[in-house]
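A closer look at the structure
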Amino acid sequence: MAGIDMPKSPNVFHPEKPSAVGSRNSLAQEYRDQQTEVNQLLEEETNKVIHHLTARLPKDVLERLDVMGGLKEKLYNYFNQNYQNMFNRYMVTSEDEMVKKIRNFIDKEETQVLARYSPKEIAKLLDDVGGADKFNTGEIEKSMVNMYGHLQGHIQRGINELETLTNSILRQKTDTGAFIRGELAYSIIKCSFNDNIDKPKTVSDVKLSINILDSELISPIFHYQVTVEYLVKDLLSKHIIDTIDHEMEKLKDERIDQGLEELTDSEILFNKIGKVEDYTDDEKEEIKSRRYKLVAKNIMDKLSELRAEIDPETYDQLNIRENLKKIIDIENIRNRGFNTAINSITSILDTSRMGYQYIENLKNTREVLIKEYEDTDTANLPDERYQVKLKYLDNAQLIEERKAYDVQLKSFETEVQHVWDIVSVIYEDSKPAGRITDFNDLAKKLKPKIKTRVKEKTGEPVYEDIDKVWDEISFVKPAETEVERSNRTYVYEKDKVHKRIILMEEKLKGMYDYQYPVERRVIEDRIHFLEREYFKFDYMINPYHIQPGLILDLDITSIKRKQATLDGMANVLNEFLHGVSKGFQDAAFASFSRRRSTVREDINQSFSGVTDERPAHQEEAPAAGAAYLDMINTDEAPAAAAPKAIAAPKKRGPTGAKRGRKPGVVRRRK
């Protein structure tokens, strides 16, 4: 049927044959006269240009141009060549490709419909002759899926590059939005654009840190040292949660079928919490405990403290624990997630033309370092380069990272305070005796007069006797609550250290001006060292801002007017995140299935007035329907008066009808 209604396009290239590749004529245009439409368009465009010229140019110039003669013919030919050869042939090819897709879709649907009614004897005969392995097209289908997947990946990568470049051109600047877009922007911990220390005018340094939480990973990641018992318990926990979710979906569907109100989000949550005890409990030592329904207690005891490696002296292939460990290792649960992330980032870098010369994969610590160039000296490296650090951190590691971060910041405060004290002493010693050089000298000189003339009359204390709260470096810090103590940002402390460094540099310039004695050189060297190290420390990620999961730390150096590495890494990041992360999921929207708002009473249609002609074997249906109506009339009022509670689904009657639905009423739902 599809072959007759929609003729297939010839597999030839010809400019005039209908529906040929590159043709000016298409069978899909049917009655339209394409040449007349093109002539009308070209004539209109040519007349517009001629009218514009006659309105703008002087009369003597128009006479020499011969507008109505050769110029009009040239314009007409110019429009004709460009429009006819490019736009028309594109439209014809698009129409023909659409016809092919529709034809193939119809053929596919017809084949599926015919396959449904194939005799069971033929299917059984084929199965008996060859079996599932002989008549299996799974490998061919996988190959086709892989081919189309790679093709789609290349197309998507090209679209991402075009989108990134277009956005950067429209913005006329580079910002954080050039890296992560859309629903994955929340994963950014820190993004900083700074001028390069060696070449601040032409080169910029970019620091980007991304945190993918454990709950957002498509394939979960485990540390290499995690025990086999932990892996088994994690699998059992996921099985229990999936089972509870499945039961809740069945309960919601049954309530809708019975005409009851849908469960609210709170009711769903409380139902899930209540069902946990049906599958597990806290009795670890009881053999008949519900937690040992799927895996017996003696097996869990064998897996206790069993890690990724077994001491060769105690290894025995026939032991129970060795065979249990082998079963878990065959599934590769321990290494699957991290290996998937590494394969993803390296393959994307290869296909995105972002090569790398150095990679160090620390598998046992779940860390990988990728650098575009092996050299570590920035003086020898080009201005376009990148470095990627991918690491998985659990809660125990983050606790230790936070402790080290606290100690390092305290050390910076101590060192900067020490230099501050030295500069203050040198500044006080360098003042000439008896001369006023700053505000403190003036205040000290006038203190007795202020005390006798002003303060004694008012009874107020002298300025020097008042406790000073503000140190004139940073504003007063508010008292900490439990939130700040558990999640220290250190913004106040970092700002104070940075301001002290700036004030010391300014004080040195005021003291020595253009003189460079040995004291000034020594102090400036120390200040510059602390400033460089402080910037490195401030460049790092604050571990208090990180949650357990996968950390992607990216350092990019790129030329400001070129930005080749920035554009390339933007595409790599977006593709990597889509392949590794599920993204943020709102539980309220994730559980949004069939809502009562889609079941409308005002659009129900009754067909009670239509003559009903039933076949002979359905003649007993009216009696059953009348009995069902009587049952509804007697039970409807008590059911309506009952409170909306979470009830177990009731069984259906022998007629197969559903409660709450009247015969002859069509109810729409999704």
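This write-up is about the structure you can find in this document. Small disclaimer: the values here were computed from a predicted structure and weren't measured.

**Points about the overall build of the chain**
Helix and strand content of the chain: 20 helices and six strands. Within the span of the chain, comprising 670 residues, buried residues form 28% of the whole. When the accessible surface of the chain is totalled, it reaches about 45,600 Å², and 55% of it is carbon and sulfur.

**Comments concerning a negative patch on the surface**
The grouping of E277, D278, D282, E283 and E286 at the surface amounts to a negative patch. Within the secondary structure, D278 is located in the loop between helix 9 (265-275) and helix 10 (297-303).

**Structural notes on the layout of surface pockets**
Taken as a whole, the largest pocket encloses approximately 1,800 Å³ of empty space. Considering the residues around the largest pocket, the lining is formed by 45 residues, among which K207, F535, K536, Y539 and D555 are closest to the centre. Among the elements that take part in the lining of the largest pocket, helix 17 (residues 518-539) stands out by supplying eight residues, more than any other. Of the residues contributing to the lining of the largest pocket, the split by class is 18 nonpolar, nine polar and 18 charged.

**Structural notes on the packing of helix 13 (residues 395-429) against helix 16 (residues 491-512)**
To describe two helices that pack against each other, one gives the angle between their axes and the distance between the axes. Running from amino to carboxyl end, helix 13 crosses helix 16 at an angle of 20°, the nearest separation of the two axes being 10 Å. Between helix 13 and helix 16, the angle falls in the class roughly parallel. Seen from above, helix 13 lies across helix 16 with left-handed handedness. Taken together, the residues of helix 16 that come into contact with helix 13 (itself represented by Y405, L409, E413, V416, Q417, V419, W420, V423, I426 and Y427) are E493, K494, V497, R500, I501, L503, M504, K507, M511 and Y512. Of the residues contributing to the contact of helix 13 with helix 16, the split by class is 14 nonpolar, one polar and five charged.

**Let's talk about the sheet that holds strand 4 (residues 367-371)**
An order of 1-2-6-5-4-3 is seen for the six strands of this open sheet, with the pairing classed as antiparallel. With one partner strand each, in any of the chains shown, strand 1 (188-195) and strand 3 (358-362) form the two edges of the open sheet. Neighbour to neighbour, the strand axes of the sheet diverge by 5° on average, direction disregarded. With five bridges connecting them, strand 4 and strand 5 (residues 385-393) associate as antiparallel partners.

**Comments concerning the pattern of salt bridges**
This model, assessed by the stated rule, comprises 29 salt bridges. Here D301 ties to K297 by a salt bridge, and the two come within 3.1 Å at their closest N and O atoms. Placement of both D301 and K297 in helix 10 is noted, with a separation of four residues, approximately one turn of the helix. Judged by its relative accessible area of 43%, D301 falls in the partly exposed class. The partner of K325 in a salt bridge is D329, with the nearest N and O atoms 2.5 Å apart. Pair noted here: K325 and D329 are both in helix 11 (residues 320-331), with a separation of four residues, about one helical turn. For K325, a relative accessible area of 10% gives the class buried. A network of salt bridges, in which partner residues are shared, links E428, K431, D438 and D441.

**With respect to helix 11**
Here helix 11 contains 12 residues, and its C-alpha end-to-end distance of 17 Å stays within 8% of the 16 Å for a straight helix at 1.5 Å per residue. Where helix 11 is concerned, the buried positions are E322, L324, K325 and I328. Take helix 11 and look down its axis: the buried residues cluster within an arc of 160°, on one side only. Counted as exposed and oriented over 90 degrees from the buried face of helix 11: K326, I327 and I330. The inward-facing, buried residues of helix 11 abut helix 8 (228-257), helix 10 and helix 12 (333-351). Directly beyond the C-terminal end of helix 11, a positive phi value near 60° is found at N332.

**Some remarks on the side chain of E531**
For E531, the location among the structural elements is in helix 17. Despite being buried, E531 has no salt bridge partner; R532 is the closest side chain of opposite charge, sitting 7.4 Å away. Residues within four places of E531 in sequence aside, it is in contact with I501 and E505.

**Overview of the nonpolar core**
If you look at the biggest cluster of nonpolar residues, it comprises 34 residues, and the most contacted ones within it are F179, L550, M569 and F576. Of all the secondary structure elements, the ones that give two or more residues to this core are strand 2 (203-213), helix 12, strand 4, strand 5, strand 6 (549-559) and helix 18 (564-580). Considering each element in turn, this core owes the most residues, eight residues, to helix 18. Listed in part, the 22 residues of the second largest apolar core include Y490, Y512, I527 and F537.

**Section: the pairing of strand 5**
Counting buried positions along strand 5 yields seven of nine residues, so the element is predominantly enclosed. In this structure, strand 5 lies alongside strand 6, joined through nine bridges in antiparallel fashion. Across the sheet, K391 pairs through a bridge with I551, a residue of strand 6.

**What to know about the environment of V99**
Relative to the helices and strands, V99 resides in helix 4 (residues 67-116). Residue class for V99 comes out partly exposed when judged on its relative accessible area of 24%. Taking the C-alpha atoms as reference points, V99 and S19, 80 residues apart in sequence, are found 9.9 Å from one another.

Calculation notes
Residues numbered from 1 in each chain as written. Predicted model: local features only at pLDDT ≥ 70, side-chain atom pairs only at ≥ 80, totals over all residues. Heavy atoms only, no water. Helix = DSSP H or I, 4+ residues; strand = E, 2+ residues; numbered from the N terminus. Buried < 20%, exposed > 50% of the residue type's maximum accessible area, 1.4 Å probe, protein only. Areas by Shrake-Rupley, 256 points an atom, 1.4 Å probe, with all protein chains shown as cover. Patch = residues over 30% accessible without salt bridge, like charges linked within 9 Å, V, L, I, M, F, W, Y side chains within 5 Å. Salt bridge = Lys/Arg side-chain N within 4 Å of Asp/Glu carboxyl O. Lys, Arg positive; Asp, Glu negative; His and termini not counted. Charge placed at Lys NZ, Arg CZ, Asp CG, Glu CD. 1 Å grid on protein atoms, 1.4 Å probe; cavity = no way out; pocket = protein on both sides within 12 Å on 5 of 7 lines; lining within 4 Å. Points joined across faces, edges and corners; volume = space filled by probe spheres on them. Nonpolar A, V, L, I, M, F, W, Y, C, P; charged D, E, K, R; others polar. Axes fitted to C-alpha atoms, helices over the stretch in contact; angles between N-to-C directions. Parallel < 35°, antiparallel > 145°, perpendicular 65-115°, else oblique. Left-handed = near helix turned anticlockwise from the far one by under 90°. Contact = heavy atoms within 4.5 Å. Pairing = 2+ DSSP bridges. Expected span 1.5 Å × (residues − 1). Arc of directions from axis to C-beta. Core = buried A, V, L, I, M, F, W, Y, C linked by side-chain atoms within 4.5 Å.

Geometry only, nothing functional implied.
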